[in-house]
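# Coordinate inspection notes
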Amino acid sequence: MARRRYDESDVRVRPGKGSRPRTKNRPEHRDALFGMVVTKDRGRWGVVLDGARGPVVCMRARELGRTPIEVGDRVGVVGDTSGAPGTLARIVRLAERSSVLRRTADDTDPYERIVVANAELLLIVCAVADPPPRAGFVERSLIAAFVGGLRPVLCLTKTDLADHRAFAAEFADLNVPVLTCGVNDPLDHLLSTISGHTSAVIGHSGVGKSTLVNRLVPQAERATGEVSEVGKGRHTSTQSVALRLPGDSGWIIDTPGIRSFGLAHVGADAVVGAFEDLAQVAQDCPRGCAHMGPPADPECALDSLSGASARRAAAVRALLGALRTNVDWD
Ligand SMILES: Nc1nc2c(ncn2[C@@H]2O[C@H](COP(=O)(O)OP(=O)(O)O)[C@@H](O)[C@H]2O)c(=O)[nH]1
Ligand SMILES: [Mg+2]
Ligand SMILES: [Zn+2]
């Protein structure tokens, strides 16, 4: 998969609502310090500057207009960057993203939201029981990861309550790592997978996401056992937050509050394009092929595949099916 590299000199500035002249008089901010956005809340961003420990509270500079700045973004900051209580620095630059986990509110909503920027891995947390596992949720998450440039890892929880193998087997042909991450499972495999990387965590409420994050980052003290993390409660978080793994061995970005995972922005070609072997063959498909095979796409070139690639094509078609069914998986 083609992954773009950061280029900190590349500022992507959208003009704001007013029509101020765009770049002419804009300061260059050569003195900006770079860091990572770790929190976002009501017009305030927490940024951990490179080499620093705690976050600096920031606002978005006016010249950035309404440019979305999300948890995981690399940004340049000017002003009082001491992080002392009561100080407020300014985000003046936004580096190009290496990955973007996106969603729309539902499958018909054209407006894309960025859930997490720059995560390398997507940990898809799914319980094998209580609540029962939902393949549709996993499929949608996989699609979002593949098209967003994140490497998905399926983390199965509550493995003490049911056998996980049948559910895990559903995803075998996609070459997605499946790790058992229940309370009684050792986490060494997961730890070695995420070590040195930035990983976003997604999953339904109640699947054991916070329990898992607390095992990975004990000082995080994420609240567990809540009926619902979203909406009503005043103290419940609806925003992503980046947590440093012990020993500075990477970051976990917890993403509470995703109630729906619309994929209106995703096309079949983007999903197929995430798999090199399939993408190559799909170049021979007729124009507008939706890659589903007969009867809808009788000339789909994916049907010429054999062996592991054919199994992968079948698995990707199952994903494409999930893309078309507007399941509300809340
Ligand atoms: N039996 C069992 N219960 C678990 C496991 N992981 C979490 N739980 C329980 O499931 C409930 C929801 O867990 P929580 O971490 O709050 O889920 P979250 O909503 O995804 O953050 C809590 O009562 C946990 O104690 C597990 O592996 N096995
Ligand atoms: Mg939770
Ligand atoms: Zn095709």
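Going by the structure above, here's the rest.
Residues numbered from 1 in each chain as written. Chains lettered and ligands numbered in written order. Predicted model: local features only at pLDDT ≥ 70, side-chain atom pairs only at ≥ 80, totals over all residues. Heavy atoms only, no water.

### Examining the pattern of salt bridges
A complete count under the given rule lists 13 salt bridges for this structure. With a closest N to O distance of 3.1 Å, E70 and K40 form a salt bridge. Of the two residues, E70 sits in the loop between β3 (56–60) and β4 (74–79) while K40 sits in strand β1 (residues 33–41), which places them 30 residues apart along the sequence. What makes E70 buried here is its relative accessible area of 9%. We note a salt bridge from R312 to D277, for which the minimum N-O separation is 2.8 Å. (Salt bridge = Lys/Arg side-chain N within 4 Å of Asp/Glu carboxyl O. Helix = DSSP H or I, 4+ residues; strand = E, 2+ residues; numbered from the N terminus. Buried < 20%, exposed > 50% of the residue type's maximum accessible area, 1.4 Å probe, protein only.)

### Observations regarding unusual backbone geometry
Cis geometry is adopted by the peptide bond preceding P131, which originates at D130 and carries an omega value of 0 degrees. Of note, P131 is situated in the loop between β8 (121–127) and α1 (135–148). A positive phi angle, near 60 degrees, is found at N175, a position not held by glycine. Relative to the helices and strands, N175 is located in the loop between α2 (165–169) and β10 (178–180). With relative accessibility at 55%, the residue N175 sits in the exposed group.

### Regarding the nonpolar core
The biggest cluster of nonpolar side chains holds 67 residues, and the ones touching the most others in it are I91, L101, V138, L142 and L174. Broken down by element, this core gets its largest block of residues, seven residues, from α1. If near-sequence neighbours (up to four positions away) are discounted, V138 is found in contact with I124, C126, L154, F167 and F171. (Core = buried A, V, L, I, M, F, W, Y, C linked by side-chain atoms within 4.5 Å. Contact = heavy atoms within 4.5 Å.)

### Here we look at the site of ligand 1
Near ligand 1 there are 16 residues, and of these D160, G206, K209, T211 and G225 occur at the shortest range. Contact between ligand 1 and K209: an oxygen atom at 2.8 Å from a main-chain N or O atom of the residue. Against a free-state accessible area of 590 Å², the protein chains account for coverage of 78% of ligand 1. Within the shell around ligand 1, the residues separate by chemical class into three nonpolar, nine polar and four charged. (Near = heavy atom within 4 Å. Polar contact = N/O pair within 3.5 Å; in protein donor to acceptor, adjacent residues only side chain to side chain. Areas by Shrake-Rupley, 256 points an atom, 1.4 Å probe, with all protein chains shown as cover. Nonpolar A, V, L, I, M, F, W, Y, C, P; charged D, E, K, R; others polar.)

Taken by themselves, the reported measurements are silent on function.
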